[in-house]
Amino acid sequence: TIPVKQQFLAPKRGGGIVKDVFLYLVPNVSVAALEFSLEINPATQRSRISLQTRIENRLPHKTNDTLAIDSQFRLRTELYNSTGEKITQLSDVAVSVKKNQEIIIPQLLEILNPQLWTPGNPHSYIIKSTIYAGDILLDEFIRSLPVYVLNANDDSLTFNNGSFEFRGVTYIPSYGENGKLAT
């Protein structure tokens, strides 16, 4: 419906869409989430990343579509550096996800001599997981992966095996004519 112009004393005279409407498209078969845990071994200069990729198949049990997608898919996981250069690609994983189901695919990734994230050099790796039906790209999921080590000791924090401390200021505004906000 087309909204009627609002008038004084009759603001709700007509109906219709009066604000922006946004449509969000989610593929029926998608990479729903990509979680990771990170272990860094400073002695060997290697970083092990355990990935958990969740794939959902939202297709209903019955479809009238003769071109309906099968339940056999292929998951591809790639790692890029911050400039977009591909570092490694894991072997494609054949995945079977039945209609109206989801599965979690565990994968293991290693980075040799990882470049650590610091506030002065905010380098992040990029993990890209894509799912294919044959050669047709169905969905891709991209996530940033900063590599760093933050440890809490008894009396201090260490960040990338160096000392770390928070530095900041607590600002309490004061308005002279109205008084102080905190005493």
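You'll find the structure just up there.
Residues numbered from 1 in each chain as written. Predicted model: local features only at pLDDT ≥ 70, side-chain atom pairs only at ≥ 80, totals over all residues. Heavy atoms only, no water.

*Asks:* Would you explain the nonpolar core in this entry?
*Replies:* As a rule of thumb, soluble globular proteins bury nonpolar side chains together. Core analysis: the largest hydrophobic core is formed by twelve residues, namely Val29, Val31, Ile55, Leu59, Phe73, Leu75, Val95, Val97, Ile105, Ile131, Ala133 and Leu138. Elements represented by at least two residues in this core include exactly strand 1 (29-41), strand 3 (72-80) and strand 7 (124-133). Residue contacts for Ile105: discarding those within four places in its chain leaves Leu51, Gln52, Thr53, Ile55, Leu75, Val93 and Val95. Core analysis: the second largest hydrophobic core is formed by eleven residues, Ile49, Leu79, Leu109 and Val147 among them. (Core = buried A, V, L, I, M, F, W, Y, C linked by side-chain atoms within 4.5 Å. Buried < 20%, exposed > 50% of the residue type's maximum accessible area, 1.4 Å probe, protein only. Helix = DSSP H or I, 4+ residues; strand = E, 2+ residues; numbered from the N terminus. Contact = heavy atoms within 4.5 Å.)

*Asks:* What should I look at first to understand the sheet that holds strand 11 (residues 162-164) in this one?
*Replies:* Pairing between the strands of a sheet comes from backbone hydrogen bonds, and it takes one of two forms, parallel or antiparallel. Strand order across the open sheet formed by three strands is 9-10-11, with antiparallel pairing between neighbours. The two strands at the open ends of the sheet, each matched to only one other strand, are strand 9 (150-152) and strand 11. Here the strands of the sheet are splayed against their neighbours by 35° on average, with no regard to which way each runs. Sheet topology note: the strand 10 (residues 157-159)/strand 11 ladder contains three bridges and is antiparallel. Directly across from Thr158, in strand 11, lies its bridge partner Ser163. (Pairing = 2+ DSSP bridges. Axes fitted to C-alpha atoms, helices over the stretch in contact; angles between N-to-C directions.)

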